Every structure is written in C-alpha cells, then in structure tokens.
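Architecture at a glance
Listed below, chain by chain, are the residues.
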Amino acid sequence: MPGGRKKSRTYQRREIPRDQHTVSRSVISEPAKKVLHRLNKSGFEAYLVGGGVRDILLGGKPKDFDIATNATPEEVHDLFRNSRLIGRRFRIVHVVFGREVIEVTTFRGNANDADNDAADDDRKTSEHGLLLRDNVYGSQEEDALRRDFTVNALYYCIRDFTVIDFANGIEDLRNRQIRLIGDPETRYREDPVRMLRAIRFAAKLDFNIEPDTEAPIRELAPLLTHIPAARLFDEVLKLFSAGQGEKTYDLLKDYGLLAPLFPETVRALDAGASDELIRQALRNTDARIAQGKSVTPYFLFAAMLWPALQAEWQRRQDNGDPVQPALHGAIGKVIGRQVQATSIPKRFSGPMKEIWELQMRLPRRQGKRAFATMTHPRFRAAYDFLLVREAAGELEPGLGQWWTEFQQADERGQERMLSQLSTDAPKKRRRRRKPVKRQTPQ
Ligand code: ATP
Ligand code: MG
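Calculation rules
Residues numbered from 1 in each chain as written. Chains lettered and ligands numbered in written order. Predicted model: local features only at pLDDT ≥ 70, side-chain atom pairs only at ≥ 80, totals over all residues. Heavy atoms only, no water. UniProt positions renumbered as here; feature names shortened; annotations may be inferred. Pairing = 2+ DSSP bridges. Helix = DSSP H or I, 4+ residues; strand = E, 2+ residues; numbered from the N terminus. Axes fitted to C-alpha atoms, helices over the stretch in contact; angles between N-to-C directions. Near = heavy atom within 4 Å. Polar contact = N/O pair within 3.5 Å; in protein donor to acceptor, adjacent residues only side chain to side chain. Areas by Shrake-Rupley, 256 points an atom, 1.4 Å probe, with all protein chains shown as cover. Nonpolar A, V, L, I, M, F, W, Y, C, P; charged D, E, K, R; others polar. Phe/Tyr/Trp six-rings, centres within 6.5 Å; stacked < 30°, edge-to-face > 60°. Buried < 20%, exposed > 50% of the residue type's maximum accessible area, 1.4 Å probe, protein only. Parallel < 35°, antiparallel > 145°, perpendicular 65-115°, else oblique. Left-handed = near helix turned anticlockwise from the far one by under 90°. Contact = heavy atoms within 4.5 Å.

- The protein chain appears in an unreviewed UniProt entry as Poly(A) polymerase I from Marinobacter santoriniensis NKSG1.
- Its UniProt record, at the heading Sequence similarities (unreviewed entry), says of the protein chain: "Belongs to the tRNA nucleotidyltransferase/poly(A) polymerase family."
- Under the UniProt heading Function (unreviewed entry), the note attached to the protein chain is "Adds poly(A) tail to the 3' end of many RNAs, which usually targets these RNAs for decay. Plays a significant role in the global control of gene expression, through influencing the rate of transcript degradation, and in the general RNA quality control."

Dropping the structure here:
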C-alpha cells in the first residue's frame, strides 16, 4: 500500500454470552426470527448482523434486519417461497413479509486479498481498487472481516443467544467509535461509499470517527465520482433521512464529501452563496423525522440545489434573459448537471421543478390566481419551501403568513384577503416592481 501504512490490527473471535449483552428476542421482528429459525432448522448457520445488532446493543430500534448465513443464495431462495434473488455486485436474497423485507446474505470470503484475487471472476476489482463484484463465499470470520465497520460486524445467534464479535466491535461500540476493519485506504478504494457510510453512522449514532479511519477521507473523497449516480442518489437519501441531517451536512462539508454529491451547490457556496436555506430545510427535515413523519426526496433535493439554481438564475438574468425564461433555463441546467453526480428519478425531479416554479407564482395572488395556485398538486410543498426561505432570511417575512391565513380562512375571509390585496396593490406596484425582479432570485 502507498506509504506502507501500518498493517491492520489482529482480531480475535469473542463470544458474549446472553447474560452479558442487551440483545433480547423481543426487539427482533417476527419475520426476522422466522427466517433465522427456518435456516437453523434446515441445518444452516444463520445470524442477525449489521445495523440490527448494533442498534439493539445501543438501546435503539433497528429500522431493518439483515441476516448472514452459510446457505447459498439459491438455498435460501429454495427455503422461502416469499423470496427473490437480487443484485449483481452482491448477490443477496430478499425475503418479503408484507412491508418488511429481510435481507439475507451468504458469508463472503477473501476480505483482504483483493489484489491477489483480481483474476478471480467472482471477485473483481477495477484499476482504482474498486470492488466490482464480490461473490466469493467464505467462513463467518471472513464474512465479518469484509464488512465495513467494526460495530457493523457483530452477529447475534438465536440458537444460544450469544453475540459474536470478530473485530472488537463491542469495544468500539462502548467507546462510540466508527472504525473501519482493515486498512482504511484499501477499504475506501474498494468501495468509496464507505466514506459516506462513516459520516452517516457518525452523525446518526453520535459517534466519533476513529483517527485512522478519518485520515484518508479528504484525499479520497473524489473517488466517489466513480460510483454510479443511482447508487449515490440512494446514499444521499439515507444520509439525510436518518434524523441528523444538519449535522450530516456539516460533516460532509468538512470532509470534502459534499462536492462529489452536489458539485453545483458547492460551486455556488464557494462563490459566496449562503447555505442558510439548506440548513433551515435540514432542520425542518430533522424535526419531521423526530415526529415520525416522512421526508420527501424532492423537497430535500429542491433545497440542496437551491443555491445553485439561484446562482444560475441570476447569471442568466444578468445576461439579459427575462426572469421567467431565465428560471426555466436555470432549472434545466442545474438538474442536467446534478443527475451526472446523483441520479434523480423523474418522479422526484418533476415535483422538484414544480416547487421551484411555484416560488414565482406564490407572490402573485390577485384575482383567481391564489385559488389556482392552491389547487396545484405541489402547492403544499411549495408553501413549506416558502416558509423555509423566509425562516432562512432570504425573503422579507409576510408572504408565508399570508398564505397560512388564506388556507385557514373561510370563503368570505379569503375574498376579504384578496380585495385587501387589490386595494394595496396600486400603491405598492410602483415601489415593488423593480426590486421584485431582482429580489426573487436574490
Ligand atoms: P442501517 O440499516 O441502519 O442503515 P446497516 O449497518 O444495517 O445500517 P446496511 O446498509 O443495511 O447498513 O448494511 C448491512 C450490513 O452490511 C452493514 O452493517 C455492514 O456489515 C455490511 N455492509 C453494508 N454496506 C457495506 C459496504 N459498502 N462495505 C462493507 N460492508 C457493508
Ligand atoms: Mg441494515
């Protein structure tokens, strides 16, 4: 390895008996238990692994359950009618119980032999050290050591209720540390997404990133540009849906990981744009998640790209484009560039555009316009976005409040608000017209 990095620590298998850990069967979902039991009964080894064990040990509630087994994907598939084989890079089995999906993976081997194995068809690495395919099966210990972080390599056995620790994960869990298994640089080169995962877990679990694990990130961050845009889109959603969005954003920025995800945003910020709207939106998102509400990807992306959109919108107006065509041109350009970094499925990019376009319609309320705007399918999201802009100090407060009241008012109240508007309008029009043009894109 470059610079002869110090060799990874040696690991020893440890078994933690049931009376010395907090994993109890009652917090494991019925479907997960069913899969574990059936695999065991059919003579296979099967363990709960990954986030499921980690989050229970931390006293939390896992959002999903992953299972590792020595059964091959085909054997698992044969055991469960409600299962499907998926994946190419990793062949795994999804066992489906209504809305709950249990992910079952077969023990994988050769964690530290990427170089020697380049010729092996089942385990391929690219010239950058990127792991392209990883379907060599192995022992449980090998499986543990090819996982990303020590705290993600803990196994729970439902037969004897022990937790099995191959990489000092328990110790790192106790010290609240995210530590890569093996040589960090090699592991990041194999899969640069591990850098994002380090940030995600550090923010979500409120852990530190251990110094050797942290050290190579800034330098290797650009490797993320080799990752397929669709995978990065998924990772962005995971990063910002874990309830610690603002903290995650700060960490991504600190480690140089925001640029490969949102290159246009970083460019706008470097040129002096404010990120207060992004922060405000992420604070809102975090509050929503804390209340058990969901976050919509299009709202998130509308906010993350807003500084870039504004910069481009302004640039076009400075070049003489009228405000509306400038906005449309800017939307096309910003989205076009973004999808090269992280894809944005059409079902999200459409609503995202609408949120942006509605920002221009929300101030125009005279006559029937307010009613028309309110029936737009994206009105609610656009109104929320307006409130975020106001809270971020981007707009004079007032318009958001007007819309809040307008939605709550009865028909007569609404008429009154509108006629109030038209009596105000002639006076204001003169003063307003020019600043409005400039102010909207800021
Ligand atoms: P959560 O589900 O809460 O996001 P998790 O740790 O379960 O966290 P998953 O993405 O569900 O994360 O992955 C399950 C497990 O698979 C991880 O705990 C880890 O052991 C392993 N794993 C996932 N992604 C990678 C990766 N890129 N490199 C190595 N191991 C990985
Ligand atoms: Mg998981």
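1. Overview of the sheet that holds strand E6 (residues 100-106)
- Overall, mixed pairing links the eight strands, which are arranged E1-E10-E9-E2-E3-E6-E5-E4 in an open sheet. Pairing within the sheet leaves two strands with one partner each, and these edge strands are strand E1 (14-16) and strand E4 (83-86). The average angle at which neighbouring strand axes cross in this sheet is 30°, direction not considered.
- Pairing of strand E9 (residues 154-156) with strand E10 (residues 163-165) involves three bridges; the strand directions are antiparallel. Paired with Tyr156 across the two strands is Val163, which belongs to E10.

2. Some points on the site of ligand 1
- Around ligand 1, the surrounding shell holds 17 residues, and the nearest of these are Arg54, Asp191, Arg194, Arg197 and Arg200.
- For ligand 1, a nitrogen atom lies 2.8 Å from a polar atom in the side chain of Arg194.
- Relative to its unbound accessible surface of 590 Å², ligand 1 loses 88% to contact with the protein.
- Elements supplying a minimum of two residues to the shell around ligand 1: helix H2 (51-57) and helix H7 (193-205).
- Taken together, the residues of the shell around ligand 1 sort by class into one nonpolar, three polar and 13 charged.

3. Quick look at the packing of aromatic side chains
- In total, this model carries 15 aromatic pairs according to the counting rule given.
- Plain terms: the ring middles of Phe379 and Trp403 are 5.2 Å apart, the flat faces sit at 55° to each other, and that makes the pair tilted. Taken together, the residues span a long stretch of sequence, with Phe379 in helix H20 (residues 379-391) and Trp403 in helix H21 (residues 399-408) at a distance of 24 residues.
- Here Phe379 falls in the buried class, since its relative accessible area comes to 4%.
- Judged by relative accessible area, Trp403 falls into the buried class, the value being 0%.

4. Thoughts on the UniProt feature "active site" (unreviewed entry) in the protein chain
- UniProt tags Asp64, Asp66 and Asp148 as "active site" (unreviewed entry).
- Mapped onto the elements, Asp64 comes out in the loop between H2 and strand E3 (66-69).
- A distance of 3.1 Å separates a polar atom in the side chain of Asp64 from a polar atom in the side chain of Lys63.
- Inspection of the secondary structure assignment puts Asp148 in the loop between helix H4 (140-145) and E9.
- The buried category is assigned to Asp148, whose relative accessible area is 9%.

5. Looking at the packing of helix H16 (residues 306-318) against helix H17 (residues 323-341)
- Following both chains from N to C, one finds H16 and H17 inclined at 135°, their axes separated by 8 Å at the closest point. The orientation of H16 with respect to H17, classified from their angle, is oblique. Handedness of the H16/H17 crossing: right-handed. Contacts between H16 and H17 involve Ala308, Leu309, Glu312, Trp313, Arg315, Arg316 and Gln317 on the former and, on the latter, Val323, Ala326, Leu327, Gly329, Ala330, Ile331, Lys333 and Val334.

6. Quick look at unusual backbone geometry
- For Arg176, which is not glycine, the phi torsion reads 55° and is therefore positive.
- In this fold, Arg176 is placed in the loop between helix H5 (169-174) and strand E11 (177-178).
- For Asp206, which is not a glycine, the phi torsion comes out positive at approximately 60°.
- Within the secondary structure, Asp206 is located in the loop between H7 and strand E12 (208-209).

7. Re the packing of helix H18 (residues 346-361) against H20
- At a minimum axis distance of 9 Å, the contact between H18 and H20 shows a crossing angle of 65°. Here H18 lies roughly perpendicular to H20, going by the angle between them. Viewed along their axes, H18 and H20 form a crossing whose handedness is right-handed. Contacts between H18 and H20 involve Ile355, Trp356, Leu358 and Gln359 from the first element and Phe379, Ala381, Ala382, Phe385, Leu386 and Arg389 from the second.
- By residue class, the composition of the contact of H18 with H20 is eight nonpolar, one polar and one charged.

8. Remarks on the environment of Gln12
- Residue placement: Gln12 occurs in the segment before E1.
- What makes Gln12 exposed here is its relative accessible area of 62%.
- Taking C-alpha positions, Gln12 is 8.1 Å from Asp165, a pair spaced 153 residues apart along the chain.
- Filtering out sequence-adjacent residues up to four positions away, Gln12 remains in contact with Asp165 and Phe166.

9. Some details on the pairing of E3
- One ladder, built from four bridges, connects strand E2 (residues 46-49) with E3; its direction is antiparallel. The partner of Ala46 across the bridge, within E3, is Thr69.
- When E3 meets E6, the two strands line up parallel, connected through four bridges. By the bridge assignment for E6, Ile67 is matched with Val104.

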